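# Fold and geometry: a report
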Amino acid sequence: MKKILTDSGIEINELYTHKDIPAHTEELPGQFPFTRGVQSDMYRGKLWTMRQYAGFSTAEESNNRYHYLLSQGVSGLSVAFDLPTQIGYDSDHPLSEGEVGKVGVAIDSIEDMERLFAGIRLQDISTSMTINATGFILLAFYVALAKRQGADLQKITGTIQNDILKEYAARGTYIYPPQPSMRIITDIFEWCSKELPKWNTISISGYHIREAGSTAVQELAFTLSNGKAYVKAALEKGMDINVLGKRLSFFFNAHNNLFEEVAKFRAARKMWAKIMKEVGATDPKAMMLRFHTQTGGATLTAQQPMNNITRVTLQTLAAVLGGTQSLHTNGYDEALSLPTEEAARIALRTQQIVAFESGAADTVDPLAGSYFIENLTDEVEKKAWAIIEQIDAMGGSVAAIEQGYMQEQIAKSAYEYQRQIETGEKIIVGVNKFETDEKFKVKPFKIDDSIRQEQIDKITTLKLKRNAAIVTQCLKDVKAAAESNTNLMPVVIDAVESYCTLGEISDELRKVFGEFK
């Protein structure tokens, strides 16, 4: 009989019956361990937040896209930053050449942040910022802008990704070594718990781990293991687990195997609830795994790109059936370029059709009780626990990353996946089967290199008009706080309000912490 396996190596039976359902007590949504969802009524009470990840070129250009998306029905913004911004270089730095505004928006100063959100009241929206090594600086820009708008910081909502461990394991936009990076993250936790209480201080991300080539089970195990490391670091700093737990969020990928993805999301909630309970959480809300989902960028194909609309629809269903709290859907043309306005609109419409026409949001955890789904949830959980136990034996995620374990496992899985495509064991429609000679003409969305000069001119003008003595003192204060182990957030906010640039602040910390090689 033909053997069928998921990408995680879980064998799929030809038939499932009641004998395949794991023995456990009846679980209800909104109750520990939250396998069936974090809210008792889920989408009947409130739909997931529909975000569209956007950011490119200058702050002005990105602002135009944000206003367009808001007019089309998005309920939250999600900001993409360019590579120099992500790794702490201003646009005028020599290493920024050729990268300014390319994979996201260039943000060098508080003035850029003002341009990015022109005409948008921060108190009225929820913003997710995909930024890690320089996440504390972008958060400072955001807070400074909110203050200028007269917003009540107690009411500001959103999420900062702020997950540096997955950068070492899978993505690469780190600056400082692991230990000082973890210190910066716990500084953010501590400051936000008092000053920005509704802000999600971290989005512990499996998305990029999966994009780098992991399986669904590895994505789950590595992400939750990283989450354990962040919680441990915060507890060592004396934080209250019941306060911290409510402000942690997660970020997962959604791939094409609908049922494995749904099982992954269900298992994630159950596993995290157990982890948090074991470290002392007593408030149910501190045990809830709340997550954002993005459809799988690595699943998009340059060949027959319109097929990607179908892939994104499947992945959207997986996220919704799995109980996501917010969702971004990719544009069909993203294997070719940044998404065009048309592709972004179709991607958003995909979410809206699933929400309002499919019936998937009409009842809580609609696949619960399926012999297949219940069995698969259990199998995913077992395999993920086995990996977490291996990582714990190494001393936790930081040690596992320093030893190269996560990186090696991801690389092996990526290799095996590609091998299966090239041998035809795994079929990718339009790539290794059902190919055509037809050339689909998509007009790519390109960013002109002149953007860098625009940003350089803005930085030059800013530096001519700011108070140089105040800037010098602010940067000294940042360096002193880093050396003395004082919380960095207050001095960084003072610095950005005094027009210090992202690169200048990053460089002060490079002097203290060094760079990770």
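Structural notes, computed from the coordinates. (Residues numbered from 1 in each chain as written. Predicted model: local features only at pLDDT ≥ 70, side-chain atom pairs only at ≥ 80, totals over all residues. Heavy atoms only, no water.)

Before going further, it helps to spend a moment on the packing of aromatic side chains. Tallying each qualifying case throughout the model produces 18 aromatic pairs. The interplanar angle of 85 degrees and the centroid separation of 5.5 Å between the aromatic rings of Phe-117 and Tyr-142 together place this pair among those described as edge-to-face. A residue pair is termed long-range when its members are at least 10 positions apart, and Phe-117 in the loop between helix H3 (110-116) and strand E5 (126-130) and Tyr-142 in helix H4 (residues 135-148) qualify at 25 residues. Overall, Phe-117 belongs to the buried group, its relative accessible area being 1%. Taking the centre distance of 4.9 Å and the plane angle of 0 degrees together, the rings of Tyr-207 and Phe-251 count as stacked. Placement of the pair is Tyr-207 in helix H7 (residues 207-211) and Phe-251 in strand E9 (residues 248-254), with a sequence separation of 44 residues. Its relative accessible area of 5% is what places Tyr-207 among the buried residues. A network of ring pairs unites the aromatic residues Phe-250, Phe-252, Phe-265, Trp-272 and Phe-291 as a single cluster. Over the ring of Phe-32 we find Lys-277; its NZ or CZ atom is 4.5 Å from the centre of that ring. (Phe/Tyr/Trp six-rings, centres within 6.5 Å; stacked < 30°, edge-to-face > 60°. Helix = DSSP H or I, 4+ residues; strand = E, 2+ residues; numbered from the N terminus. Buried < 20%, exposed > 50% of the residue type's maximum accessible area, 1.4 Å probe, protein only. Lys NZ or Arg CZ within 6 Å of the ring centre and 35° of its normal.)

To continue, consider the sheet that holds strand E11 (residues 326-328). The strand order across the open sheet formed by nine strands is E7-E6-E5-E4-E3-E11-E10-E9-E8, and the pairing between neighbours is parallel. A strand with exactly one partner marks an edge of an open sheet, and here the two such strands are strand E7 (199-200) and strand E8 (202-205). Bridging between strand E4 (residues 76-80) and E5 involves four bridges; their strand directions are parallel. When the bridges of E5 are listed, Val-79 appears paired with Met-129. Against the sheet, helix H1 (residues 59-71) engages strand E3 (49-54) and E4, with an angle of about 150 degrees to E4. Those strands touched by helix H10 (residues 258-278) are E9 and strand E10 (291-295), and its axis lies near 160 degrees from that of E9. (Pairing = 2+ DSSP bridges. Contact = heavy atoms within 4.5 Å. Axes fitted to C-alpha atoms, helices over the stretch in contact; angles between N-to-C directions.)

Moving on, we come to the pattern of salt bridges. Scanning the model with the defined rule gives 36 salt bridges in all. One salt bridge connects Glu-60 with Lys-458, and the closest N-O pair in it is separated by 3.0 Å. Separated by 398 residues along the polypeptide, Glu-60 in helix H1 and Lys-458 in helix H17 (residues 450-465) bring together distant segments of the chain. Look at Glu-60 and you get partly exposed, because its relative accessible area is 33%. As a salt-bridge pair, Glu-219 and Lys-264 come within 2.8 Å of each other at their nearest N and O atoms. Within this pair, whereas Glu-219 is found in helix H8 (residues 216-236), its partner Lys-264 is found in helix H10, the two being separated by 45 residues in sequence. Residue classification places Glu-219 among the buried residues on the basis of a relative accessible area of 0%. Under the relative-accessibility criterion, Lys-264 is labelled buried at 0%. (Salt bridge = Lys/Arg side-chain N within 4 Å of Asp/Glu carboxyl O.)

For the rest of this paragraph, the subject is the environment of Asn-13. Along the chain, the position of Asn-13 falls in the loop between strand E2 (11-12) and E3. With a relative accessible area of 34%, Asn-13 lands in the partly exposed category. Remark: the alpha-carbon pair of Asn-13 and Cys-500, spanning 487 residues in sequence, is separated by 60 Å.

The next thing to look at is the packing of H10 against helix H14 (residues 371-394). Closest axis-to-axis distance for the H10/H14 pair is 8 Å, and the angle between their directions is 55 degrees. Taken as axis vectors, H10 and H14 run oblique relative to one another. In terms of crossing hand, the pair formed by H10 and H14 is right-handed. On H14, the residues that touch Phe-259, Glu-260, Val-262, Ala-263, Lys-264, Arg-266, Ala-267, Lys-270, Met-271, Lys-274 and Ile-275 of H10 are Phe-372, Ile-373, Glu-374, Leu-376, Thr-377, Val-380, Glu-381, Ala-384, Trp-385 and Ile-388. Among the residues forming the contact of H10 with H14, the class breakdown is 13 nonpolar, one polar and seven charged. (Parallel < 35°, antiparallel > 145°, perpendicular 65-115°, else oblique. Left-handed = near helix turned anticlockwise from the far one by under 90°. Nonpolar A, V, L, I, M, F, W, Y, C, P; charged D, E, K, R; others polar.)

To continue, consider the pairing of E9. Where a strand is regular, its side chains alternate between the two sheet faces. Most of E9 is tucked away, with seven of its seven residues classed as buried. Of the two faces of E9, the one carrying Leu-248, Phe-250, Phe-252 and Ala-254 and the one carrying Ser-249, Phe-251 and Asn-253 are both buried. Summarising the sheet, E9 and E10 pair through five bridges and their orientation is parallel. Bridge pairing in E10 places Phe-252 opposite Thr-293.

For the rest of this paragraph, the subject is H17. When the terminal C-alpha atoms of H17 are compared, their 24 Å separation across 16 residues agrees well with the 22 Å that a helix rising 1.5 Å per residue should span. Among the residues of H17, those classed as buried are Ile-451, Arg-452, Gln-455, Ile-456, Lys-458, Ile-459 and Leu-462. The buried residues of H17 occupy an angular sector of 160 degrees when the element is viewed end-on, so they sit on one face. Structural note: H17 exposes Leu-464 and Lys-465 on the side pointing more than 90 degrees away from its buried face. (Expected span 1.5 Å × (residues − 1). Arc of directions from axis to C-beta.)

Our next topic: the side chain of Asp-90. Within the secondary structure layout, Asp-90 lies in the loop between helix H2 (83-86) and H3. This buried residue, Asp-90, is left without a salt bridge; Lys-463 holds the nearest opposite charge, at 4.9 Å. Only 2.5 Å separates the side chain of Asp-90 from the side chain of Thr-501, close enough to count as a polar contact. Residues within four places of Asp-90 in sequence aside, it is in contact with Ser-96, Asp-108, Ile-459, Thr-501, Leu-502, Gly-503 and Glu-504. (Lys, Arg positive; Asp, Glu negative; His and termini not counted. Polar contact = N/O pair within 3.5 Å; in protein donor to acceptor, adjacent residues only side chain to side chain.)

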